[in-house]
Amino acid sequence: MVPMQILIFLFTLYFFVIGFCGMWRRKETKIKTPKKTFALVVAAHNEHAVIGQLVQNLQGLNYPKNMYDIYVIADNCSDDTAQIAEKAGALVHVRTHPTKKSKGYALDWMFARLFKMDKQYDAICVFDADNLVHPQFLMEMNNRLCKGDKVIQGYMDAKNPYDTWVSGTFAIAFWVICYISHLAKSNIGLSACLGGTGMCFDAEILKKHGWQATCLTEDMEFTMKCMAEGIKTSWAHDAIIYDEKPLTFRQSWNQRRRWAQGQFDVGNRFIPKMLKAGWKHKDIRMWDECIYLMQPHFLMISTFFIIISYIQLAFPPFYTNIYNFMPSQLMTAIMLGQYILPMIILIKIRAKWKSWLYMLLYPVFIYSWIPIIFLGFIHRNEHEWSHTKHTRAMSMNDIVGNVKNTKSIEK
C-alpha cells in the first residue's frame, strides 16, 4: 500500500500545484490589426437543428469578411444539413464513406482539399456544428498567430449551462478545466491540450506534419503528435466558443465513455513515445503531457486504493495502517480541494445562482467518471464512433444574459 500511497500523493500534489497556477492571468499587450487569413471548418453529421445558427454566427464575427471563409463538411449526412448550411452562406463539401465516419477522418479529408485550392489561408480554425463563437474569436487567434503560436486552443464555454443539472455540472467541469489545466499550464509555460473545437492551426503546421488524427479523441491525438515534435498547444483565454453540453445523464455517459476509450488508446501509443522524447530533449512539457495522458490510470489506481482501504477497515484481523506515508489529514484536504477550486472559479467567472445549486450534484458527475474510466479501459481497442445528437438551437442574442460571460461578449 505504501508505494501506491506515494504515487497517489505525488500525482495529487502535482495536479494541485498546477491547478493553483490557474488562479491568475498574465498581462498581455494584444495585436489588434487583422493580418492572418482563416478557413473556418465545421465538421457536421446530421446537424440540421443547429448548423444554420452557427454559420450565421460565424458570418458576424468581428473580422474583415474578405479575410475568412466558412467551410462545412456534410459528413455522411442523411438529413438536409448540407442544404441548410449552403443557404446560410457556407461553402459546403459533401463527404460520404462507408467505414471512415469519425470527425478525425472528415477533417483529414477536408484539410487535403483545402491545400489543393487556389486560395490559400494562413490558418485553419475548427468548430463543432453545435457551437456558437464569440465575435472576437478571430481577432484573438490573429493575435496569438502573430506572436508565433502554431497550435492554439480557445476557451471552451457552455451554450446551455442552465438547461438541466447534467448540462450544468458538465459546464462547471469545463470551466474548471479551462482554469486549473489550460490557463494554469499556459501561465507557467507548459502545453495546453486541444479540446476538439475552438481549435486554430497554422496552415504550415498541417501541411508539414499532416493531420492523420482519426481515433475517438482526435484532438488529444494531434496534441501529442505535435508535442512529440516539440510544438506546444497554446491557450487563448479570450477566444471563446460556446459548446452545447449534454442534456441527459445517458448522453453525458456515452460521450465521456468515448473520451475515455480514446484517451486510453492515445495513451497506449504516446506515453512511451513522450517519455523517450522528454528524456531525449530534456523537455518538461513532454513529460507533463505524459502525466496528462496517465490521468485515467491514476484514477483507476486511486479507486483500487480506496477499495482496499475499506476492505482493511472492515476486517480487523487483516487491518494494517494505510496512512504510513500519507496522513489522513492530507486525504481530507485532497477531498476538500476537489470542491474548493471549482467554487473559487465560480466566483471568478461570476456564475449565476443555478450553478451554485448544481454544485450540490457536482460530486455525482465527478464520481461517475470512475465506472466510465474502467469501461473505457475495457473497451479501449474499440473505435466505433458514437454521435451526440444536438438540438439546442440558439443565437448569440440568446447567449447574452444566459451565460456568465456577458462582460466579455459586450466588450
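Nothing here was measured: the structure is a model prediction, and the numbers come from that model.

Looking now at the overall build of the protein chain. Along its length, the protein chain carries 17 helices and eight strands. For the protein chain, buried positions account for 52% of its 411 residues. When the accessible surface of the protein chain is split by element, carbon and sulfur atoms take 60% of a total near 18,500 Å².

Another point: the environment of Ala228. On the secondary structure map, Ala228 appears in helix 8 (residues 218–228). Each C-alpha atom of the pair Ala228 and Lys273 lies 7.4 Å from the other, and the pair is 45 residues apart in sequence. Among residues more than four places away in sequence, those in contact with Ala228 are Lys273, Met274 and Met286.

Strand order in this open sheet of eight strands is 3-2-1-4-7-6-8-5, and the pairing throughout is mixed. Whereas interior strands pair on both sides, the edge strands pair on one side only; in this sheet they are strand 3 (91–95) and strand 5 (132–133). Docked against the sheet, helix 2 (residues 51–59) engages strand 1 (38–44), strand 2 (68–75), strand 4 (123–128) and strand 5, running at close to 165° with respect to strand 2. Each of strand 6 (151–158) and strand 8 (233–243) is contacted by helix 6 (residues 165–187), which is oriented at about 150° to strand 6, the strand it contacts most.

Oppositely charged side chains can pair when the atoms bearing their charge come close. Per the stated rule, a full pass over the model turns up 18 salt bridges. Lys103 is paired through a salt bridge with Glu218; the nearest N and O atoms lie 3.7 Å apart. Taken as a pair, Lys103 in helix 4 (residues 103–115) and Glu218 in helix 8 lie far apart in primary sequence, 115 residues in all. This pair shows no difference in class: Lys103 is buried, exactly as Glu218 is. Asp202 is the partner of Lys150 in a salt bridge, and the nearest nitrogen-oxygen pair spans 3.6 Å. Placement of the pair is Lys150 in the loop between helix 5 (137–146) and strand 6 and Asp202 in strand 7 (residues 199–202), with a sequence separation of 52 residues. A residue is classified by how much of its surface remains accessible, and Asp202, at 13% relative accessible area, is buried.

Let us look at empty space enclosed by the protein. Taken as a whole, this structure holds one cavity of 30 Å³ or more when the rule is applied. Its boundaries defined by the atoms lining it, the largest cavity holds a volume of some 40 Å³. Forming the boundary of the largest cavity are Ala39, Leu114, Phe115, Gln120, Tyr121, Ile124 and Ala203. Split into classes, the residues belonging to the lining of the largest cavity amount to six nonpolar, one polar and no charged.

Okay, the nonpolar core next. Phe38, Leu40, Leu58, Phe127, Phe137, Leu138 and Trp175 are the most contacted members of the largest nonpolar core, which totals 62 residues. Sorting elements by how many residues they give to this core places helix 6 first, with 10 residues. The residue makeup of this core includes at least three contributed by each of domain 1 (1–20 + 270–379) and domain 2 (33–247). Not counting chain neighbours up to four residues away, the residues in contact with Phe127 comprise Leu40, Val41, Val42, Ala43, Leu58, Val133, Phe137, Thr197, Gly198 and Ile241.

Moving on, we get to the confidence of the model for the protein chain. For the protein chain, the average pLDDT comes to 87, and 88% of its residues sit at 70 or higher. Contacts for the low-pLDDT stretch residues 404–411, under 50 throughout, to residues beyond four places or in other chains number 22 contacts.

Our focus in this paragraph is the UniProt feature "transmembrane region" (unreviewed entry) in the protein chain. Per the UniProt record, "transmembrane region" (unreviewed entry) is found at residues 6–24, 290–311, 331–349 and 356–378. Annotated as 79% helix and 0% strand, the span residues 6–24 places its first and last C-alpha atoms 29 Å apart. A distance of 35 Å separates the end C-alpha atoms of residues 356–378, which is 83% helix and 0% strand.

In this model, the second largest pocket occupies a volume close to 380 Å³. Lining the second largest pocket are 22 residues; nearest its centre among them are Arg26, Glu28, Arg144, Ser186 and Trp235. For the lining of the second largest pocket, the elements supplying multiple residues, two or more each, are helix 5, helix 6 and strand 8. Sort the elements by how many residues they give to the lining of the second largest pocket and strand 8 lands first, with six residues. Grouping the constituent residues of the lining of the second largest pocket by class yields five nonpolar, seven polar and 10 charged.

Moving on, we come to the pairing of strand 2. Across the eight residues that make up strand 2, a large majority, eight, are buried. Of the two faces of strand 2, the one carrying Tyr68, Ile70, Val72 and Ala74 and the one carrying Asp69, Tyr71, Ile73 and Asp75 are both buried. Bridging between strand 1 and strand 2 involves seven bridges; their strand directions are parallel. Paired with Val42 across the bridge in strand 2 is Val72. As a crossover connection, the stretch from strand 1 through helix 2 into strand 2 is right-handed. Between strand 2 and its parallel partner strand 3, the chain crosses via helix 3 (residues 81–88), and the hand of that crossover is right-handed.

Moving on, we get to the side chain of Asn76. Relative to the assigned elements, Asn76 resides in the loop between strand 2 and helix 3. On the basis of relative accessible area, Asn76 is assigned to the buried category, the value being 15%. Not counting residues within four places of it along the chain, the set of residues in contact with Asn76 comprises His45, Asn46, Arg95, Thr96, His97, Lys100 and Lys101.

In this section: a nonpolar patch on the surface. A surface patch of nonpolar side chains, about 690 Å² in accessible area, is lined by Trp165, Phe249, Trp353, Leu357, Leu360, Leu361 and Val364. Structurally, Trp353 is set in helix 13 (residues 353–358). Taking relative accessible area as the criterion, Trp353 reaches 59% and is therefore assigned exposed.

Cut-offs applied
- Residues numbered from 1 in each chain as written.
- Predicted model: local features only at pLDDT ≥ 70, side-chain atom pairs only at ≥ 80, totals over all residues.
- Heavy atoms only, no water.
- Helix = DSSP H or I, 4+ residues; strand = E, 2+ residues; numbered from the N terminus.
- Buried < 20%, exposed > 50% of the residue type's maximum accessible area, 1.4 Å probe, protein only.
- Areas by Shrake-Rupley, 256 points an atom, 1.4 Å probe, with all protein chains shown as cover.
- Contact = heavy atoms within 4.5 Å.
- Pairing = 2+ DSSP bridges.
- Axes fitted to C-alpha atoms, helices over the stretch in contact; angles between N-to-C directions.
- Salt bridge = Lys/Arg side-chain N within 4 Å of Asp/Glu carboxyl O.
- 1 Å grid on protein atoms, 1.4 Å probe; cavity = no way out; pocket = protein on both sides within 12 Å on 5 of 7 lines; lining within 4 Å.
- Points joined across faces, edges and corners; volume = space filled by probe spheres on them.
- Nonpolar A, V, L, I, M, F, W, Y, C, P; charged D, E, K, R; others polar.
- Core = buried A, V, L, I, M, F, W, Y, C linked by side-chain atoms within 4.5 Å.
- Domains from an automatic or database assignment.
- pLDDT = per-residue confidence, 0-100.
- UniProt positions renumbered as here; feature names shortened; annotations may be inferred.
- Right-handed = clockwise from strand over helix to strand, strands pointing away.
- Patch = residues over 30% accessible without salt bridge, like charges linked within 9 Å, V, L, I, M, F, W, Y side chains within 5 Å.

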